[in-house]
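# Coordinate inspection notes
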Amino acid sequence: MVRCTALQAIAPHFYTAATLDLRDDPDEWQSVATFAGVDADRLRLLHQVHGRTVVTATGKPWILPEADAVITDDADVALVVRVADCAPILIADRRLGVISAVHAGWRSTMLRIAPAAVAALAGTYGSRVEDLLVAIGPSIGACCAEMGEEVVEAFRAAGHDAPALQRWFSRETGKRPHLDLWRANREQLEDAGIAGGSIYLAGLCTRTHHDVFHSYRAAGQAAGRMAAVIRTGAR
Ligand SMILES: [Zn+2]
């Protein structure tokens, strides 16, 4: 279990590790719900599709939506994203208590999912960027995120400029480009108006530390999943 101390002061949350596989075992999901302090039917999971759709969660019955980010102001639900190398990004508004959970793999990062979640918080609840605090949890680091040239091209085609591509993709001689998912998301959030000092990074690479975390790159199809879970804070 990993927590961000700064975020915890605003919104209760946690990132699970490899001690849970979180595939189909309902008992494991029950333990996540118990730890979050909600009934299992109040966990708000997504059918994650590596897009940029943001949905709003309520206490009403939940039909798994196709989305990669979710926001809420409902104190009775817990937002959940599942990852194994992709970046789990949790956001909380220290003024309003509203929250978001974001699943940011390379595709959703290319599509600017984190700023989309910030815009949804602003548009739906009136969040101000100066009140938002962000925690980027354990996920694949630039050390291990080797990508093909087509990924760089896809980022370019999505409108990211050459300086950004240079910062986000390292190019050591003779090696394929490596994507710095953490930096790309941090810079997009900063561009959206969030102060750098309000963005906290776990800095733990899931593949490097695959004894502790689940990593798709390390384990392939057999990889378990980790959950990032957050609830609204006190107002
Ligand atoms: Zn690594």
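That block above? That's the structure.
### A few points about the sheet that holds strand β7 (residues 99-104)
Sheets are built from strands that pair by backbone hydrogen bonding, the pairs being arranged parallel or antiparallel. Taken in spatial order, the 6 strands of this open sheet run β3-β4-β7-β6-β8-β11, and their pairing is mixed. This sheet does not close on itself; its edge strands, each paired only once, are β3 (54-56) and β11 (199-201). Mean inter-strand twist for the sheet, computed between neighbouring axes without regard to direction, equals 15°. Here strand β6 (residues 87-93) runs beside β7; their pairing, made up of 6 bridges, is antiparallel.

### Considerations on the packing of helix α4 (residues 113-125) against helix α7 (residues 181-191)
As a packed pair, α4 and α7 sit with axes 8 Å apart at the nearest point and diverge in direction by 35°. Classified by chirality, the crossing of α7 by α4 is right-handed. Touching Ala 114, Pro 115 and Val 118 of α4 are Asn 185, Gln 188, Leu 189 and Asp 191, all from α7. When its residues are assigned to classes, the contact of α4 with α7 shows 4 nonpolar, 2 polar and 1 charged.

### A word on the pairing of strand β5 (residues 78-83)
The buried fraction of β5 amounts to 6 of the 6 residues, a majority that puts the element mostly inside the structure. Burial along β5 is two-sided: the face carrying Ala 78, Val 80 and Arg 82 and the face carrying Leu 79, Val 81 and Val 83 are both buried. As paired strands, strand β2 (residues 43-44) and β5 are joined by 2 bridges and run parallel to one another. Across the sheet, Arg 44 pairs through a bridge with Leu 79, a residue of β5. With 5 bridges connecting them, β5 and strand β12 (residues 226-230) associate as antiparallel partners. By the bridge assignment for β12, Leu 79 is matched with Ile 230.

### A word on α4
A rise of 1.5 Å per residue sets the reference length of α4, with its 13 residues, at 18 Å; its end C-alpha atoms lie 18 Å apart and thus fit the reference within 8%. Those residues of α4 that fall on the buried side of the exposure criterion are Ile 113, Ala 114, Pro 115, Ala 116, Ala 117, Val 118, Ala 120 and Leu 121. At the exit of α4 stands Gly 126, carrying a positive phi of roughly 80°.

### What to know about the pairing of strand β4 (residues 69-72)
Residues Ala 69 and Ile 71 line one face of β4 and the alternating positions Val 70 and Thr 72 line the opposite face, and both faces are buried. Bridging between β3 and β4 involves 3 bridges; their strand directions are parallel. Bridge assignment links Thr 56 to a residue of β4, and that residue is Ile 71. Relative to β7, β4 runs antiparallel, the two sharing 4 bridges. Across the sheet, residue Ala 69 finds its bridge partner in β7, namely Val 102.

### Quick word on the nonpolar core
Judged by nonpolar contacts, the single largest core of 72 residues is most densely connected at Ile 91, Ala 101, Ala 117, Val 134 and Ile 230. The leading source of residues in this core is α4, at 7 residues. Every residue in contact with Ala 101, bar those within four places of it in the chain, is listed here: Ala 69, Val 70, Leu 79, Val 80, Val 81, Leu 90, Ala 228 and Ile 230.

Reading guide: rules and limits
- Residues numbered from 1 in each chain as written.
- Predicted model: local features only at pLDDT ≥ 70, side-chain atom pairs only at ≥ 80, totals over all residues.
- Pairing = 2+ DSSP bridges.
- Helix = DSSP H or I, 4+ residues; strand = E, 2+ residues; numbered from the N terminus.
- Axes fitted to C-alpha atoms, helices over the stretch in contact; angles between N-to-C directions.
- Left-handed = near helix turned anticlockwise from the far one by under 90°.
- Contact = placed C-beta atoms within 7 Å.
- Nonpolar A, V, L, I, M, F, W, Y, C, P; charged D, E, K, R; others polar.
- Buried ≥ 20, exposed ≤ 12 C-beta atoms within 10 Å, placed from the backbone.
- Expected span 1.5 Å × (residues − 1).
- Core = buried A, V, L, I, M, F, W, Y, C linked by C-beta atoms within 7 Å.

Limitation: the analysis is restricted to geometry and does not speak to function.
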